[in-house]
Amino acid sequence: MKFGPVATAGAAGTILAHSVKAGERTLRKGTRLGAADVARLAAAGVAEVIVAALDIDDIHEDAAAGRLAEAVAGDGVRVEEAFTGRSNLYAEAAGVLVVDGGAVDAFNRIDPGITLATLPRFAAVEAGRMVATVKIIPFAVPEAAVAAAMAVLADRPPVRLAAFRPARVGVVSTLLPSLKPSVVDKTLKVLAERLAPAGATIAADVRVPHDAEAVAVALRQLAADGADMLVVFGASAVVDRGDVIPAGVEAAGGEVHHFGMPVDPGNLLLVGALGDIPVVGAPGCARSPKENGFDWVLQRLLAGLTVTADDITGLGVGGLLMEIVSRPQPRAGPVPEVAAPARRVGAVVLAAGRGSRMGGPVKQLATIGGVPLVRGAAQAAVASRATPVVVVTGHAAADVAAALTGLDVTVVHNPDFAEGLSTSLRTGLASLPEDVEAAVVVLADMPGIDARAIDRVVGAYDPAAGALVVMATAGGKRGNPVLWSRRFFPELSAITGDTGGRQIIAGVPEAVVEVELGEAAAIDVDTPEALAAAGGLLGQPG
C-alpha cells in the first residue's frame with residue numbers, strides 16, 4: 001500500500017485518508033474515490049488529496065477484518081459485518097468467555113496493522129455482549145499478513161463461549177449455636193441471586209450440625225436427589241484441609257481437589273467433586289453479594305468448565321480485591337468460635353480553630369455548666385470506647401491545653417491551624433498509634449455529643465461488613481462526629497484548606513453507614529447566640 005498526497009486528477013480508485021469538504025458535500029475518510037468524487041473535488045478547487053493506494057496483493061480493511069473475525073470466533077460467538085476496518089464479536093448466549101491467550105498474543109504479533117482485543121479470560125457475559133473485536137488499523141494489509149494470522153488460528157478459534165447451563169444446586173449449611181438462622185437465610189438469598197444470571201437454581205437447602213459426618217450424609221443425599229452442583233457453607237471457616245468441610249466431602253466418598261486460592265477475599269475456598277458432581281466449599285465472603293473469588297469459580301462451573309488446581313493457583317494476578325476502597329468487601333457471616341480481638345478505634349478532638357464567628361473570646365474555653373467546651377468534648381471521648389484520645393490545639397494552645405489538665409488525653413499542637421481544619425485533621429491522625437485501625441473525629445464545639453453518642457458511632461464501624469465510614473445524622477441529615485477507617489487516612493491527610501472529608505465520602509457511598517443521633521449531631525456553638533441558646537457562657541478573650 002502506498003500512502004501520501006497525490007494530485008486530485010489522478011486520485012480515482014484510491015482511498016481518501018482524511019475527510020475533505022467538496023462544495024456542499026463532505027467526502028469522508030475511507031471513501032474509495034470514483035470519477036464523480038474526483039470531479040467534485042476538482043470543481044471545489046481541491047488540487048491535492050492524501051490517499052492510500054492499494055497494491056495488487058493488498059486486502060481492503062473491511063475484507064481483512066471480516067475474514068479474520070470469522071476465524072477468531074468459536075462456538076457461541078457471533079460476528080458482525082466489518083465496517084471501517086472493524087468487525088465486532090458478540091456472545092450468542094449468557095455464559096463464560098473462554099480465550100486462548102497464547103493464540104491472541106501470537107495473532108497480534110503477526111503485523112502491527114492486524115489487532116485482536118477481547119474481554120478478560122473467563123469473563124461472565126450476557127447474551128448480546130461484545131466479547132472481542134478485530135481491527136485493521138491501516139486501510140489495507142498485505143495478503144501474506146492475513147494468511148499468517150489465519151495460520152495462527154488454524155488449530156482452533158481462540159475465542160469461544162461456554163454457555164451457562166440451568167444447573168440444580170444443592171446447598172449444605174452447617175450450624176453452630178453462634179450462627180443466627182437469619183444469616184443462613186440471607187446467604188441463600190445471595191446465592192440465588194448469583195445463580196439467576198446463569199438460569200441455575202437452588203434445588204435443595206439442607207442445614208446440618210457442624211460435623212463432618214453430618215456434612216457427608218447431606219452431600220450423599222443431595223447427589224442422590226439429582227443435584228448438578230453442591231455448595232457447602234460452613235458455620236466456621238475452613239482453616240485446614242483436614243477441617244470439617246473437606247473431611248465431610250471425603251467421608252461422602254468425594255475428593256478434595258484443592259483448598260485455598262490466591263484471591264482476596266476468597267482465600268478459604270475449597271473445590272472438589274463427589275463422583276462427577278462439582279463440590280465447592282464456600283469461603284465466608286461468599287455470604288456477601290460483593291464480588292469475590294467464589295464468583296470466579298462458581299461462574300466457570302455453571303458454564304460446564306472444569307476448574308483445576310492449576311486454574312485456581314493461576315488467579316493471583318488481579319486477585320487482590322479487598323483493598324479496593326470503592327468496592328469494600330462485606331463479609332457477613334457467623335461469629336467465629338473464638339472471639340476476634342477487639343478493634344482499636346481512637347478519637348481525634350479538633351480544638352484548634354480561632355472561632356472567629358464568636359467575636360473574640362476563645363470558643364473552646366466557653367463554658368456550659370461551668371465546664372469548658374473543649375474539656376467536655378475530651379471527657380466524652382475519654383469515657384467512650386475510643387482509645388487513645390488525641391486533642392489537637394492551635395489558637396490559644398496553652399490555655400486550651402490547661403483546660404484539659406487531669407484528663408487521659410494526648411495534646412498535640414498544630415502550628416498550621418490558621419490554614420484550615422484540614423491541617424488539624426492531618427495532625428491528629430498522624431498522632432495516633434499504628435495499631436489504631438480507625439478514628440472517630442469529634443468537634444470541640446458540639447456539647448450534645450456525649451460518650452454514649454460516640455460509642456454508637458464506634459459501634460457501627462464494621463469493616464467486615466463494608467462499614468468503613470460512620471456518619472452521625474440529625475433527622476437524616478449528616479452531621480458529626482464522623483468515624484474513618486485507617487484506609488482513608490492518606491486521603492484525609494492530603495486534603496487542604498478549611499474542609500473535612502465530604503468529597504471523599506461522596507466518592508465511596510457504599511462504604512458509608514449512618515447513625516441517627518438526633519439534634520446532638522447538628523448543634524454546634526459557633527456564635528454567641530448559639531452558645532447562649534445552649535446555656536453557655538463566653539470564655540476569655542483570644
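Everything numeric here is computed off the predicted structure, so don't read it as measured data.

K.L.:
So what exactly am I meant to see when it comes to the environment of Gly 76 here?
P.N.:
Checked against the element boundaries, Gly 76 lands in the loop between α2 (61–72) and β7 (77–79). According to the relative accessible area criterion, Gly 76 is partly exposed, its value standing at 22%. In this structure, the C-alpha to C-alpha distance between Gly 76 and Tyr 90, residues 14 residues apart in sequence, is 8.5 Å. Setting aside residues no more than four positions away along its own chain, Gly 76 makes contact with Tyr 90, Ala 91, Glu 92 and Leu 161.

K.L.:
Can you help me understand empty space enclosed by the protein in this one?
P.N.:
In this approach a probe as big as a water molecule rolls over the atoms, and the regions it shows empty are the leftover space. As enumerated under the stated definition, the model contains two cavities of 30 Å³ or more in all. Approximately 40 Å³ is the volume found for the largest cavity. Lining the largest cavity, in full, are Arg 165, Ala 167, Asp 228, Met 229, Pro 278 and Leu 301. For the lining of the largest cavity, a count of residues per class yields four nonpolar, no polar and two charged. Quantified by volume, the second largest cavity comes out at close to 30 Å³. Trp 296, Val 297, Arg 300, Val 307, Asp 311, Ile 312 and Leu 315 are the residues that line the second largest cavity. Contributions of two or more residues to the lining of the second largest cavity are made by α8 (293–302) and α9 (309–313). If you tally residues by element for the lining of the second largest cavity, the top one is α8, at three residues.

K.L.:
Hey, could you run me through the packing of α2 against helix α4 (residues 143–152) in this one?
P.N.:
Helix-helix packing is characterised by the crossing angle of the two axes and by the distance between the axes. Viewed as axis vectors pointing N to C, α2 and α4 meet at an angle of 10°, and their least axial separation amounts to 10 Å. Between α2 and α4, the angle is such that the two are roughly parallel. Residue-level contacts link Ala 64, Arg 67, Leu 68 and Ala 71 of α2 to Glu 143, Val 146, Ala 149 and Met 150 of α4. By residue class, the composition of the contact of α2 with α4 is six nonpolar, no polar and two charged.

K.L.:
Would you mind showing me how to read the sheet that holds strand β9 (residues 95–99) here?
P.N.:
Two pairing modes exist for strands in a sheet, parallel and antiparallel, and in both the strands are linked by backbone hydrogen bonds. On the basis of which strands lie adjacent, the open sheet formed by three strands has the order β11-β9-β14 and antiparallel pairing. Taken across any chain shown, the strands that pair with only one partner, and hence form the sheet edges, are β11 (124–125) and β14 (159–163). Bridging between β9 and β11 involves two bridges; their strand directions are antiparallel. Its bridge partner lying in β11, Gly 95 is registered against Val 125.

K.L.:
What's the story with the sheet that holds strand β29 (residues 512–516) in this structure? I'm lost.
P.N.:
The seven strands lie next to each other as β25-β24-β21-β26-β28-β27-β29, forming an open sheet whose pairing is mixed. If you trace the sheet from one side to the other, it starts and ends with β25 (410–413) and β29, each paired once. Ignoring strand direction, the axes of neighbouring strands in this sheet form an average angle of 25°. Of the pairings in the sheet, the one linking strand β21 (residues 345–351) to strand β26 (residues 438–443) comprises six bridges and is parallel in character. Bridge assignment links Leu 350 to a residue of β26, and that residue is Leu 443. Of the strands in this sheet, β21, β26, β27 (469–474), β28 (477–485) and β29 touch helix α13 (residues 451–459), which is tilted by about 150° from β26.

K.L.:
Would you explain helix α1 (residues 35–43) in this entry?
P.N.:
Helical periodicity: at 3.6 residues per turn, an α-helix aligns residues three or four positions apart in one direction. Along α1, the residues classified as buried are Asp 37, Val 38 and Leu 41. Projected down its long axis, α1 carries its buried residues within an arc of 100°, all on one side. Of the residues in α1, the exposed ones pointing more than 90 degrees away from the buried face are Ala 35, Ala 36 and Ala 43. In the core, the buried residues of α1 are packed alongside β3 (20–22), β4 (25–27) and β5 (48–53). Among the residues trailing α1, Gly 45 stands out with phi positive, at a value near 85°.

K.L.:
I keep staring at helix α10 (residues 373–383) and nothing clicks. Help me out?
P.N.:
Every buried residue of α10 is accounted for by Leu 373, Val 374, Ala 377, Ala 378, Ala 380 and Ala 381. Buried residues of α10 fall within an arc of 160° about the axis and therefore sit on the same side.

K.L.:
So what exactly am I meant to see when it comes to the side chain of Ser 173 here?
P.N.:
As for its position among the elements, Ser 173 is in strand β15 (residues 168–175). On the accessibility criterion, Ser 173 (3% relative accessible area) is buried. Ser 173 has contacts with Val 184, Val 206, Arg 207, Val 208 and Phe 233, leaving out every residue within four places of it along the chain.

The rules behind the values
Along each chain, residue indices are assigned from 1 in the same order as the chain's sequence is written. Only residues with pLDDT of at least 70 are given local features in this predicted model, and only at 80 or more are side-chain atom pairs given and counted; all residues enter the totals for whole chains, interfaces and linings. Neither water nor hydrogens contribute to the side-chain values; these are computed over all heavy atoms in the structure. By definition, any uninterrupted DSSP run of H or I lasting at least four residues is a helix, any uninterrupted run of E lasting at least two residues is a strand, and each is numbered from the N terminus. Each residue's exposure class comes from its accessible area (1.4 Å probe, protein chains only) as a fraction of the maximum for that residue type: buried when under 20%, exposed when over 50%, partly exposed otherwise. Note on contacts: a residue pair qualifies if any of its non-hydrogen atoms lie within 4.5 Å across the two residues. Only protein atoms enter the 1 Å grid used here. Points where a 1.4 Å probe fits but cannot escape make up a cavity, open sets with protein on both sides within 12 Å along at least five of seven lines make up a pocket, and a residue lines them when an atom lies within 4 Å of a point. Grid points are joined across faces, edges and corners, and a volume is the space filled by probe spheres set on the points. Each residue receives one of three labels: charged for Asp, Glu, Lys and Arg, nonpolar for Ala, Val, Leu, Ile, Met, Phe, Trp, Tyr, Cys and Pro, and polar for the others, Gly being one of them. All axes are obtained by fitting lines to C-alpha atoms, using only the stretch in contact for helices, and the reported angles, taken between N-to-C directions, cover 0 to 180 degrees. To sort the angles, those under 35 degrees are grouped as roughly parallel, those over 145 as roughly antiparallel, those from 65 to 115 as roughly perpendicular, and the leftovers as oblique. When DSSP locates at least two bridges between a pair of strands, those strands are taken to pair. Here the arc refers to the set of directions running from the helix axis out to each C-beta atom.

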